[in-house]
Amino acid sequence: MPETGTTGVEGKPELVFFVNGRKVVYQDVDPEMTLLTYLRTKLRLTGAKLGCGEGGCGACTVMVSRYNPTQRKVLHLAVNACLAPICSLHGAAVTTVEGIGSTRTRLHPVQERLAKAHGSQCGFCTPGIVMSMYTLLRNHPTPDMEQLEAAFQGNLCRCTGYRPILEGYKTFTKEFQGCCGGMAGNGCCRNGQNGQAANGQAANGQASNGHAVNGQATNGQTSNGHAVNGQATNGQTSNGHAVNGQATNGDTGNGWNEDVSKELFQVSEFQPLDPTQEPIFPPELMKTKSSEQTTLKFVGERVTWIKPATFKEVLELKTKIPHAKLVIGNSEIGVEVKFKNCEYPLIIAPGHLPEINFHRYTEHGITFGAGCTLTYLNDTLAEAIHDLPEHQTRLFAAIVEMLRWFAGHQIRNVGCIGGNIVTASPISDLNPIFLSAGCTVTAMSHQGGSRVVKMDHAFFPCYRKTALTPEEVMVSLDVPFTKENEYFLAYKQAKRRDDDIAIVNAAFRVQIEEGTDIIQDIALSFGGMAPTSVMACNTANRLIGLKWDNDLLPEACSCLEDDLPLPPSVPGGMVEFRRTLTTSFFFKFFLSVQQRLNLKDVPPPYRSACSLYHREPPHGAQMYQEVPEGQAREDAVGRPIMHLSALKQVTGEAVYTDDMPPIQGELYLGLVLSKKAHAKIVSIDPSEALKMPGVETFVSAEDVPGSNITGPVVLDEEVFASEKVTCVGQVVGAVLADTQAHAQRAAKAVVVQYEDLEPKIITIEDAILHQSFFHPINKIEKGNLEEAFERSDQIIEGELRIGGQEHFYLETCAAIVVPHGEDGEMEIFCSTQNPTKTQMLAAKALGVPANRVVCRMKRMGGGFGGKETRTCVISSVCAVAAHKVRRPVRIMLDRDEDMVITGTRHPFLGRYKVGFMSDGRVLALDISLYSNAGNSLDLSRGVTDRALFHSDSVYTIPNVRAVGYTCKTNTASNTAFRGFGGPQGLFFAESWISDVATKCGISQLTVREINMNKEGDLTHYNMKLERCQVQRCWEECLKQSDFHTRRRQVDRFNGENRWKKRGLAAIPTKFGISFTSTFLNQAGALVHVYTDGSVLVTHGGTEMGQGLHTKMVQVACRALKIPTSRIHISETSTNTVPNTSPTAASASSDLNGMAVKIACETILQRLEPYMGKGSWDDWVRAAYFDRVGLSATGFYRTPGLDYDMQKNEGRPFNYFCYGAAVSEVEIDCLTGDHTVLRTDIVMDVGDSLNPAIDIGQIEGAFVQGCGLFTMEEQVYSPEGVLYSRGPGMYKIPGFADIPIHFNVSLLRGAPNDKAIFSSKAVGEPPLFLASSVFFAIKDAIYSARADAGLKGTFRLDSPATAECIRMACEDQFTAQFPAAEPGSFKPWAIKL
């Protein structure tokens, strides 16, 4: 890369780059500053967000463009700005979301389509998703669906469920434009019709997943009920979806007719994409004068960054300073510096040098420069695969296949081959491939010259070390061709398919003697099985000379067992799973080679074990009831209008707490957190921290002017730990400094001495052992349990666990506190669901009345319950700090801090006893629920109570005893999370009723239907069910999903396949709506009408992406009979609406909607005398001049809530939401991997206020629930230290984890007379429907176990991770690695 303008005033080096077309010349460069920090703090471009700081979420994605003189073209790359060092941008052009369009000028089509397709909810991840798509279109103006999905591998969204994002963006693809040119018509790809084939082929004319091949099936109908070519003889598809939205008999198959809509947005409204209108690359950056090639050197406080002009200079620097780090993409070093506290004083950046940026074909293969990015490696090998004979490129194919699952585009675009090798990660995806291939590395040093090193068993001598010397620099990698009789495959298993590090990976190469089946040479390499990537050399030596036949397998497995030992306490845990994967992977390789050799045909049931993963593009239908004919056009209620902030979110203009401009004199706060679970604080020494640059002061318990005792429900917490700590992550103190980097660095320098205390209670079992419970222990009891058990034909007893779940809102907790210096007044800007609690606890800590503290909240980047109370920990600390220094104080937690401090969904342990008759009727349930509350009560009693209320699921059980134990442990206090204990209680119920069906030997459907709630039934807490819609949801969902036909198909598939299995499950749900703390069921609103006719609405709810403000504007629109364009909501604040309840319990639309309606009706009544003539504006002006008040408050309290748990009588809930889901999955029995093939949901939301928002909430809740039940796993050490504290180790679902077919229907004709405009709540109830995926997985496992001769019920805890699935599919491979005896070792990790 040519250098431009390298020196400025006083000879200082200049960093020159462009941002959104504007030239930036920067001299005082700190090499430790990232591009994200520079954009946000120096240029005030706050569209790109900090979501994780480790390149794992994509919220910070920007486009970086560079001119490549070799290729003579500009390369556009999606890049994680949180990892990109600012120094690396010299000579580049950066484009941020602000640079492609805005609401003030013109939206780019990428921004417009995402907004109008309802693909932005909280909006925090949205700019990153926009920029990933924008970069794709700059490189491929008309991408295909595979490219589209791949573009988002490095992006996460916690709100939407991903479907609307893909739905909006698929309008750019070849498939969409090719089939209909952007206009819906017959067979439009948007409707997922024309019978798509699985992998495009099926020998019998029908794809294995039931989709017709080439859109045809011999019976004129695809087996999943989609009409062939969009037609069916009766005009009705068997799954109830109308063909193109119509059916010849006028019926969509579920009783709905012409008032049903499937369109949430109009494609015809989208502006076209015109690639010729994109900004040009700055011509200045395309100069190639050699005279401009100079060395750049930037010196910061701790780090010096050198960009050498020549490769010789690199070698000289490495000779002088051998431990200097070479950085190309910073994807590894950046994480090490930030999260592992590594320090690298000298950074050398040689990525631009031609000596390490090239590829060339040789006689034996392809040589790649060490600086070539992984994207470049992938593209070059893909081209070779296309051009060369298949047998030569089998190694290339293995690399390309592995790169599909290697991080996301943002990492692959900057991470390089050399960096991947020399960082020597023990779980590297590529290094095992390079080892088995026998690749060679060329390295150079200044004194030693060049040498070639083979990548073999000695290349990685120990953890994070290679055979290269410190002075050597890797120059290139030789990747060989394969031979005709040589076979190469690689495998990987991770917690999530996209963008995840491996649990275990493997690469196998075998060369067969020509004309025989004898092994001439073989190599087997593994990652995740040792401190380094390792080769199973003894196994290879033993197998050479043997025949590739069935006798080989047991010999190989036995040798691998000896070659790859793992002690039971090994870091990473999962010992039996990891060892089982080694032999399972080899078995897959064995079958694949056997199939290729054609020596002995692989048995048909085994063939599916050989297939590579393929996923067809996702699609589905969203159906809802149209507004009644005759509804006024300006009446927005019931219409799928866009989220009111969507356009601001897609352009990066939406302001979140940390986006607010810095206030003069502002200081940043860095937290000092406890490193012990239970210990006495002996001393706190901040002296070294106070000496560090930029540090202002240290704050601790001694500085609290009011009360250091705090707590959202009971006062059992401290603002700052004073004498002891009771969990890891408790706030001990804080450092104030001029920047975030200085504050965080100084906080780590504070020395805290501890003295361990006993007992250390970490798990639920620990709490039970020590009887560590919060009291009282609540109980719901009904009927005569003992008598019912005596009358029961059968009794089952069991124990089950459901793990916790990290909220992983994309915006971490943030606060800005501004002291006003007068009367103790303070203003708090905070990302919180609970402004009132934030106000009250800050006032208590400050020792002032609540009227001196104002909390303001505009929007959150997600909440899900995690910001209901735990944000108060942060805001109170900030308030104390601001009081001490009399200056504004800001904090935004890093992801790892947030995960350690703020708590999670409660882990639960359930112990149950169920009595039932042989026909499946349940007579008695005795269940004890244990929740891990953490170190303080917080909201845990309410969580446990709601679990008790929902322990019946949708079943009428005459005799029940449900007891809830809230366990006090030495972990971070757990808190509210979407569902608030409901999903846990429901999970236990659906688990035992599944076992009842198995014990009775009758179908799961039958047992559920026999026991299902009916109109007028009493729950176990004696509440009568009115307008009970569960059976209707259930029946419509079974019909819509064509359950019975697909049940037969799944059984047939399982009979034909041994190592791939499918499962199908139908799950209903019932969720009670109201705060279980009755006093919280109240809300207020304030409505102002201004003299120009505009309306300002303020209410007690907060906007976190759920569309609450949008719905409130719709409510006001109907109440006032004016268009939504006249109504505005600015923010939520405690000085406008006081004493608000938290935005939680799914009740906010109900409560605040009624309050807004009441306030609007008050104003409308005042305007009635003026309504005889003129318009709204005329009425308002007339009223004003007549001195009529145009401002009104509204207040609402939910009537009739009066439950008494001691008496077990009354109404704890206002009403119930009902729903049902059917999910089909496919599991890989050898790895534990799973794919959700299809999900159908029918959800009762009453008369929807906004179908687009409600469907978005259903889909988002469902996908979040999939994380809870299948993927998201907290990992703790036995000492109570959280290991999984970022996206690197904690995995939420990604784009590739949603159902391939995802159909959502809103129940029609089910108005709810107990809520605003007959609507129902929607935020929490759908989440549990994701357990249909869990139970479908369990159904599939049953088939695998049956093939292994295992009958009867088995325990499957949640989440059903790959480890759980694989180990439940017991076979000869799992039997090879029995678990060590508990108590004989100290486990690396434990379950809470």
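**Notes on the pattern of salt bridges**
Then comes step 1: Applying the stated criterion across every chain yields a total of 68 salt bridges.
Then comes step 2: The partner of Glu390 in a salt bridge is Arg394, with the nearest N and O atoms 3.1 Å apart.
Then comes step 3: Look at Arg394 and you get buried, because its relative accessible area is 10%.
Then comes step 4: Measuring nitrogen to oxygen at the nearest pair gives 2.9 Å for the salt bridge that ties Arg856 to Glu1131. Of this pair, Arg856 sits in strand S33 (residues 853–857) while Glu1131 sits in the loop between strand S41 (1127–1128) and strand S42 (1132–1133), and the two are 275 residues apart along the sequence.

**Description of empty space enclosed by the protein**
Then comes step 1: In this structure the tally under the stated criterion is 14 cavities of 30 Å³ or more.
Then comes step 2: The computed volume of the largest cavity comes to approximately 160 Å³.
Then comes step 3: For the largest cavity, the lining is made up of 15 residues, of which Gly803, Glu1273, Gln1274, Pro1359 and Lys1391 are closest to its centre.
Then comes step 4: The class makeup of the residues in the lining of the largest cavity is six nonpolar, four polar and five charged.
Then comes step 5: Its volume calculated, the second largest cavity comes out at about 130 Å³.
Then comes step 6: Considering the residues around the second largest cavity, the lining is formed by 18 residues, among which His118, Ser120, Gln121, Ala1252 and Ile1253 are closest to the centre.

**Considerations on the confidence of the model for the protein**
Then comes step 1: Taken over all residues, the pLDDT of the protein has a mean of 92, while the share at 70 or more is 93%.
Then comes step 2: Confidence over residues 1–5 falls short of pLDDT 50; this stretch has 23 contacts with residues more than four positions distant or in other chains.
Then comes step 3: Every residue in residues 181–187 is under pLDDT 50, and counting partners more than four places away or in other chains gives 11 contacts.

**Things to note about the sheet that holds strand S30 (residues 794–802)**
Then comes step 1: Strands sit in the order S29-S37-S36-S35-S30 across an open sheet of five strands; the sheet is mixed. The open sheet has two free edges, formed respectively by strand S29 (773–782) and S30, since each of these has just one partner strand. Neighbouring strand axes in the sheet, compared pairwise and without regard to direction, differ in orientation by 10° on average.
Then comes step 2: The pairing of S30 with strand S35 (residues 908–916) spans nine bridges and is antiparallel. Directly across from Glu797, in S35, lies its bridge partner Lys913.
Then comes step 3: Its contacts with the sheet place helix H26 (residues 982–1000) against S30, S35 and strand S36 (922–934), and it is angled at close to 140° to S30.

**Topic: helix H27 (residues 1004–1011)**
Then comes step 1: Residues of H27 that are buried include every one of Leu1005, Val1007, Arg1008 and Asn1011, and no others. Angular distribution of buried residues about the axis of H27 spans 170°; they occupy a single face of the element.
Then comes step 2: Buried positions along H27 lie against S36, H26, helix H28 (1030–1040), helix H29 (1043–1056) and strand S38 (1060–1073).

**Regarding the environment of Arg22**
Then comes step 1: Structurally, Arg22 is set in strand S2 (residues 22–26).
Then comes step 2: Ignoring any residue separated from it by four or fewer positions in sequence, one finds Arg22 in contact with Phe17 and Leu43.

**Focus on the packing of aromatic side chains**
Then comes step 1: Taken as a whole and judged by the stated rule, the model has 48 aromatic pairs.
Then comes step 2: Ring centres of Phe949 and Phe1213 lie 5.4 Å apart, and the angle between their planes is 75°; on these two criteria the pair is classed as edge-to-face. On the criterion of sequence distance, the pair formed by Phe949 in helix H25 (residues 940–949) and Phe1213 in the loop between strand S43 (1191–1197) and strand S44 (1215–1228) is long-range, its members being 264 residues apart. Like Phe1213, Phe949 is buried.
Then comes step 3: One aromatic cluster is present, built from ring pairs that chain together Tyr491, Phe508, Phe526, Trp548, Phe585, Phe586, Phe589 and Phe590.
Then comes step 4: Lying over the aromatic face of Tyr613, Arg497 brings its terminal NZ or CZ to 3.6 Å of the ring centre.
Then comes step 5: The ring of Tyr656 carries the charged tip of Arg859 above its face, separated from the ring centre by 5.8 Å.

**Description of the packing of helix H9 (residues 374–387) against helix H10 (residues 394–403)**
Then comes step 1: It is at 9 Å that the axes of H9 and H10 come closest, and there the two elements cross at 135°. What the angle tells us is that H9 and H10 run oblique. Crossing handedness for the pair H9 and H10: left-handed. Where H9 approaches H10, its residues Leu374, Leu377, Asn378, Leu381, Ala382, Ala384 and Ile385 are matched on the opposing element by Phe396, Ala397, Ile399, Val400 and Leu403.

**So, the sheet that holds S38**
To summarise the sheet geometry, strands pair through backbone hydrogen bonds and adopt either a parallel or an antiparallel arrangement.
Then comes step 1: Read across the open sheet, the six strands follow the order S6-S20-S46-S45-S44-S38; overall the sheet is mixed. On the outer flanks of this sheet lie strand S6 (260–261) and S38, each paired with one strand and no other.
Then comes step 2: Strand direction decides the pairing type here: S6 and strand S20 (residues 622–625), joined by two bridges, are antiparallel. Note that in S20 the partner of Val260 across the bridge is Gln625.
Then comes step 3: Here helix H34 (residues 1331–1347) sits on the sheet and contacts S38, S44 and strand S45 (1234–1243); the angle it forms with S38, its principal contact strand, is near 145°.

Parameters and conventions
Residues numbered from 1 in each chain as written. Predicted model: local features only at pLDDT ≥ 70, side-chain atom pairs only at ≥ 80, totals over all residues. Heavy atoms only, no water. Salt bridge = Lys/Arg side-chain N within 4 Å of Asp/Glu carboxyl O. Buried < 20%, exposed > 50% of the residue type's maximum accessible area, 1.4 Å probe, protein only. Helix = DSSP H or I, 4+ residues; strand = E, 2+ residues; numbered from the N terminus. 1 Å grid on protein atoms, 1.4 Å probe; cavity = no way out; pocket = protein on both sides within 12 Å on 5 of 7 lines; lining within 4 Å. Points joined across faces, edges and corners; volume = space filled by probe spheres on them. Nonpolar A, V, L, I, M, F, W, Y, C, P; charged D, E, K, R; others polar. pLDDT = per-residue confidence, 0-100. Contact = heavy atoms within 4.5 Å. Pairing = 2+ DSSP bridges. Axes fitted to C-alpha atoms, helices over the stretch in contact; angles between N-to-C directions. Arc of directions from axis to C-beta. Phe/Tyr/Trp six-rings, centres within 6.5 Å; stacked < 30°, edge-to-face > 60°. Lys NZ or Arg CZ within 6 Å of the ring centre and 35° of its normal. Parallel < 35°, antiparallel > 145°, perpendicular 65-115°, else oblique. Left-handed = near helix turned anticlockwise from the far one by under 90°.

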